[in-house]
Each structure stands twice: as C-alpha cells, then as structure tokens.
Amino acid sequence: MTYNEWRDELKSNLLCVSDSERRRVLDYYAEAYADRRDAGFTEREIIEEFGAPYDAAQRILSENREEYNTYSANEGNQTARDNRRDERREAREQRKTEREREREYERARRHEDSARRHEERKADYRYDDYDGYDNRRSAPPPPPSNNGGNGGYTFIFVLLCIIFCVPLFGLIAGMIGITIGFCAAPFGLLISGVAMIGSGIGELFTNVASGAVTLGAGIVLFGISLIIMPLFFQLVKLMWKLFKNFFVWLKNLFCGRRTY
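Residues numbered from 1 in each chain as written. Predicted model: local features only at pLDDT ≥ 70, side-chain atom pairs only at ≥ 80, totals over all residues. Heavy atoms only, no water.

Colleague: Would you explain the nonpolar core in this entry?
Modeller: Across soluble globular proteins, nonpolar side chains show a tendency to be buried alongside one another. Within the largest apolar cluster, 17 residues are counted, with the highest numbers of intra-cluster contacts made by Tyr3, Trp6, Leu10, Leu14, Val25, Tyr29 and Phe50. Contributions of two or more residues to this core are made by α1 (3–12), α2 (19–38), α3 (43–50) and α4 (53–124). The dominant element in this core, judged by the number of residues it contributes, is α2, at five residues. When neighbours within four sequence positions are excluded, leucine 14 is seen to be in contact with Arg22, Val25, Ala57, Ile60 and Leu61. (Core = buried A, V, L, I, M, F, W, Y, C linked by side-chain atoms within 4.5 Å. Buried < 20%, exposed > 50% of the residue type's maximum accessible area, 1.4 Å probe, protein only. Helix = DSSP H or I, 4+ residues; strand = E, 2+ residues; numbered from the N terminus. Contact = heavy atoms within 4.5 Å.)

The structure is reproduced here in structure tokens:
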C-alpha cells in the first residue's frame, strides 16, 4: 500500500468529522510522512508506523469524543456559573429596587410632613372666628422714633459750627501745613542724602578724606529719611483720624445719638 492509498482510506473513514478537522488530520499525517522521509525511512516503514487507516481514524474519533465530552462538561460548568451570576445580578437588582422604593416612600413622607406643617402655619394666620380680625393685627405698634426731638440739638450744632468756623478753618489749615511738612521733610532729607552721596563720590577723586565724610553724611541722611518716612506718614494718618473722630463725636453729641 502506498502513502496516497493509505491517505485516501483514512479520509474515507473520517466522513463523520468536520471538514476543518479532516483537513487538520490529513495535514498532520502529510507533515509527519515528509519528516520521516527526510529522516531516511522508507514508505513501507512509515505506513507500518502509522498503522491501519481504520485504526488511525478510530483513534482520532476517540480523541474527538473525549474533547467533546470535556467541552460539554466545561460548557455545563460555564452554564452553571452563568446561572449563578444571573441569580446574583437579579438579587442585586431586587435590593436596589427595594432601596429605591424605601427612598421614594421617605420622600413622600417628608413631602406630607412639609405640607402638614405648611397647613398648620396657614391655620395660625387665619381670621379669628370670635372677633373677625386677623391675629397679627393685635401686635403692639412699634415705639415712636426719637429722631423728631433732636431738632434743637442739630440747630445748636449748626450754630456752633458757624460761630467757630474761623477757628476751625485755622485748625484745618494748620493740620494741612503739618501734613505737608511731615510729608515733605522725609523727601527733603532723601533728596539731600542723594545729592551728598553724589557729591561725595565726586570729591573722592580730588580729596579722599573730604569726599569720604561727605559720602558718609549723605548715606546717613538717606537712611534717616527712609526710617522717618513711614513714621511721619503714620503720624499724619493718625492726626487726621483723631480729628475726624472728634468731629463725629461732637456732631453725635449735639444730635442726641449715643457715642461709644
């Protein structure tokens, strides 16, 4: 028997398997035959090693049945796992539905409580059946304002402002002068220091001692100006703040308002 005859007989015994499986088996034996031919075996020795075509076909079919049984068992296990997974999913969905139902019930209860409280508040403002008036109208009227009695004090305050307008103008002018002086003095010192620093640097090339003294004095003036500048600004700010507070206190005193 040649290899081609052996292959045809094997093919005829594999009619019950699929075409892809049959081609896979025939390709396997063709490759095995080619390997053994390259190894030096004769065609007869190779066919004897393969065995009868019927026995080879039965062996292949037996292996396919075992694979099918294994696949069926695995498929059954997978089906069982899918069923358990579906049951767990249904249980979760059921618990979720129950929680949503509970939340919906809680929202409805809160809505009913809110509506009931709203109705109770509305009932508190209804007309009284005995006297026919609204209960809210029985509240006492607000106390009268005391602003009407301060006209005399306001008039006195205005009169005093007219009488003391000249001294007040002098006081304001003096405060403006003090402000200008306090603000200009640091800048004057700053400018003087810068000028002396420049002059000292120039004198260093002609007279080192005199230039060094002038430079040192300029640096001192420059530093003093930087130190007293924020201090003078704070003093000016404090002076105007005290003046404003005194004026507001005086006005409130004559207007009858409390001052703290």
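Let us keep going from here.
Colleague: Quick question: what am I supposed to make of a nonpolar patch on the surface here?
Modeller: A contiguous nonpolar patch, built from Ile201, Leu204, Phe205 and Val208 and spanning about 420 Å² of accessible area, is present on the exposed surface. Within the element layout of this structure, isoleucine 201 appears in helix α6 (residues 165–203). (Patch = residues over 30% accessible without salt bridge, like charges linked within 9 Å, V, L, I, M, F, W, Y side chains within 5 Å. Areas by Shrake-Rupley, 256 points an atom, 1.4 Å probe, with all protein chains shown as cover. Salt bridge = Lys/Arg side-chain N within 4 Å of Asp/Glu carboxyl O.)

Colleague: Could you clarify how one ought to interpret a positive patch on the surface in this entry?
Modeller: A cluster of like positive charges, contributed by Arg81, Arg84, Arg88, Arg92, Arg95, Lys96, Arg99 and Arg103, occupies part of the molecular surface. On the secondary structure map, arginine 88 appears in helix α4. Overall, arginine 88 belongs to the partly exposed group, its relative accessible area being 47%. (Lys, Arg positive; Asp, Glu negative; His and termini not counted. Charge placed at Lys NZ, Arg CZ, Asp CG, Glu CD.)

Colleague: Any chance you could explain α2 here in plain terms?
Modeller: Helical geometry: 3.6 residues make up each α-helical turn, so side chains three or four residues apart lie on a common side. Here α2 spans 28 Å end to end across 20 residues, near enough to the 28 Å set by a 1.5 Å rise per residue. Among all positions in α2, only Glu21, Arg22, Val25, Leu26, Tyr29, Ala32 and Tyr33 are buried. Taken down its axis, α2 places every buried residue within 130 degrees of arc, on the same side. The exposed residues of α2 that point more than 90 degrees off its buried face are Arg23, Asp27, Glu31 and Asp38. Following α2 by one or two positions, glycine 40 adopts a phi angle in the positive range, close to 105 degrees. (Expected span 1.5 Å × (residues − 1). Arc of directions from axis to C-beta.)

Colleague: Teacher, can you tell me more about the pattern of salt bridges here?
Modeller: A side chain of one charge can pair with a side chain of the opposite charge if their charged atoms are brought near each other. Counted according to the given criterion, the structure contains twelve salt bridges. In this structure, glutamate 106 and arginine 109 form a salt bridge, with 2.3 Å as the shortest nitrogen-oxygen distance. With a gap of three residues between them, glutamate 106 and arginine 109 both fall in helix α4, about one helical turn apart. Judged by relative accessible area, glutamate 106 falls into the partly exposed class, the value being 27%. On the basis of relative accessible area, arginine 109 is assigned to the partly exposed category, the value being 33%. Among the ionic pairs, glutamate 106 bridges to arginine 110, the shortest N-O distance being 3.7 Å. Separated by four residues within a single helix, glutamate 106 and arginine 110 lie in helix α4, roughly one turn from each other. Where salt bridges share partners, they join Glu106, Arg109, Arg110, Asp113, Arg116 and Glu120 into one cluster.

Colleague: How do you make sense of the environment of alanine 57 when you look at a structure like this?
Modeller: Along the chain, alanine 57 falls in helix α4. On the accessibility criterion, alanine 57 (0% relative accessible area) is buried. For the pair formed by alanine 57 and glutamate 9, sequence separation is 48 residues and the distance between their alpha carbons is 9.3 Å. Leave out the neighbours within four places in its chain, and alanine 57 touches Leu10, Asn13 and Leu14.

Colleague: Just to check I follow, could you spell out the confidence of the model for the chain for this structure?
Modeller: The predicted structure's coordinates, where accompanied by low pLDDT, should not be read in detail. The predicted model of the chain has a mean per-residue pLDDT of 77, with 77% of residues at 70 or higher. Ignoring residues within four places in sequence, the model shows residues 127–139, a span with pLDDT below 50, making ten contacts including any to other chains. Ignoring residues within four places in sequence, the model shows residues 145–149, a span with pLDDT below 50, making zero contacts including any to other chains. (pLDDT = per-residue confidence, 0-100.)

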